[in-house]
Amino acid sequence: MEEVELSPPHPHEIRIKVFSSSLCRSDISAWESQASSAIFPRIFGHEASGIVESIGEGVTEFREGDHVLTVFTGECRTCRQCTSGKSNVCQVLGLERRGVMHSDQKTRFSIKGKPVFHYCAVSSFSEYTVVHSGCAVKVSPNAPLEKICLLSCGVAAGLGAAWNVAAVSEGSTVVIFGLGTVGLSVAQGARLKGASRIIGVDTNPDKCEKASDNNLCVPVFDVILLNFLSQVIKRITDGGADYSFECIGDTGMITTALQSCCDGWGLTVTLGVPKVKPEMSAHYGLLLTGRTLKGTIFGGWKPKSDLPSLVDMYMNKEIEVDKFITHDLPFEDINTAFSLMREGKCLRCVIHM
Ligand code: COD
Ligand code: ZN
């Protein structure tokens, strides 16, 4: 824990009093990944809710006191991607990887004049943060901020992968690799679209148990099956699933996911952010026989356009969020959240500022 200085919001930025921020696997992956070693010190956290504390010049859509969700991949609403109707990968405010603000490539945090870098343009493991106004979205003031923070990344990413990216159809078979919050949210999305069979694979028996307790999928504990995983899945799904999802963050599993779906129309969606080895390989025959591999960030949702309605769906009890919260922790115990996730003992830890 350190005292950090935070500048007022620059033009088109807002300063947010963070209310709650849940820990997502990619906070840990980015911390441990070799690729980001140059961007320290930095403040992680990107799955958060808060209240607007002040607004910069030119900001018209937010007012002090507005309830917001942060958005780790922004939406400018004017670039080629945003206006295409086909993509949520904004060219202006998309995923920020260098730890600086989109507008001037500088940081708003500092310690004794030395820059402290941002993460994914959000940095919510802090009492206050400054974000571009395109990297936050106003939500209903009636929604509980300590729950809906999960919609700012994990739960929405999983639901969107099933609904927007795969468009899971009624009666279909689905295999999900990795039963963390992201994988279980894919399962929830698939179930709501009427998938007839949802098989979940995880190496951690506790995660399998949580998945079956929540009645989200039929779990398979993959250590037992080791190298035969895709063969076993092919057998139990009559030649392969209609859809498979990689929610582990292991590029090696993309091959297994492709092998586990069927010839002709099998679709593999990969959501994981890998910690090591970003390259992937697969036999070309898997694609020649009609499979498709799709990647997605944030489940294809356009955050500003789509998140308010996901919050409303939660308020109307059409989607579940609460069951993914296994721990609530005060900010001073944030390191416990990191340990719990590293040890595979939690789904989401919500950290309260
Ligand atoms: N086989 C099966 N399961 C495995 C294996 C394996 N070889 N290795 C690990 N697992 C399991 C773990 O036991 C764990 O249960 C699960 O995989 C991963 O879950 P969590 O809880 O660690 O992680 P999540 O659910 O928070 O996130 C996982 C992703 C890997 C998908 C992560 O990259 C992510 O958060 N993506 C979010 C989507 C996105 O767009 N992110 C961009 C910035 S956040
Ligand atoms: Zn995340």
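In case you missed it, the structure is sitting above this.
Everything numeric here is computed off the predicted structure, so don't read it as measured data.

Rules behind the numbers
Residues numbered from 1 in each chain as written. Chains lettered and ligands numbered in written order. Predicted model: local features only at pLDDT ≥ 70, side-chain atom pairs only at ≥ 80, totals over all residues. Heavy atoms only, no water. Helix = DSSP H or I, 4+ residues; strand = E, 2+ residues; numbered from the N terminus. Rg over C-alpha atoms; globule rule 2.2 N^0.38 Å. Buried < 20%, exposed > 50% of the residue type's maximum accessible area, 1.4 Å probe, protein only. Contact = heavy atoms within 4.5 Å. Areas by Shrake-Rupley, 256 points an atom, 1.4 Å probe, with all protein chains shown as cover. 1 Å grid on protein atoms, 1.4 Å probe; cavity = no way out; pocket = protein on both sides within 12 Å on 5 of 7 lines; lining within 4 Å. Points joined across faces, edges and corners; volume = space filled by probe spheres on them. Nonpolar A, V, L, I, M, F, W, Y, C, P; charged D, E, K, R; others polar. Core = buried A, V, L, I, M, F, W, Y, C linked by side-chain atoms within 4.5 Å. Domains from an automatic or database assignment. Pairing = 2+ DSSP bridges.

Quick word on the overall build of the protein
Within the protein, the regular secondary structure consists of 12 helices and 16 strands. Here the protein has a C-alpha radius of gyration of 20 Å; the compact-globule value for 353 residues is 20 Å, and the two agree. For the protein, the residues scored as buried account for 56% of the 353 residues in total. The long-range share in the protein, meaning contacts at least 24 apart out of those at least 6 apart in sequence, stands at 72%. As presented, the protein carries roughly 15700 Å² of accessible surface, and 52% of it is formed by carbon and sulfur atoms.

Here we look at the layout of surface pockets
The calculated volume of the second largest pocket comes to roughly 800 Å³. Lining the second largest pocket are 23 residues, and of these Met1, Glu2, Ile43, Phe125 and Phe331 lie nearest its centre. If you tally residues by element for the lining of the second largest pocket, the top one is helix H12 (residues 334-342), at three residues. For the lining of the second largest pocket, the per-class residue count stands at 16 nonpolar, two polar and five charged.

Digging into the nonpolar core
In terms of nonpolar packing, the biggest core is built from 78 residues, with Leu151 and Phe245 touching the most fellow members. For this core, the element with the highest residue contribution is helix H4 (residues 154-165), accounting for eight residues. Lining this core are residues from two domains, each supplying at least three of them: domain 1 (5-152 + 321-352) and domain 2 (158-297). Other than its neighbours up to four places away in sequence, phenylalanine 245 contacts Ala161, Ala162, Ala166, Val168, Val174, Val175, Ile176, Phe177, Val186, Val269 and Leu271. Residues Val52, Val59, Cys76 and Ala121 belong to the second largest nonpolar core, which totals 15 residues.

Focus: the pairing of strand E4 (residues 67-70)
Neither face of E4 is exposed, since His67 and Leu69 on one face and Val68 and Thr70 on the opposite face are all buried. Where strand E3 (residues 47-55) meets E4, three bridges bridge the pair, whose relative direction is antiparallel. By the bridge assignment for E4, glycine 50 is matched with valine 68. Note: E4 against strand E8 (residues 136-138), three bridges, orientation antiparallel. Pairing of threonine 70 across the sheet is with alanine 136, part of E8.

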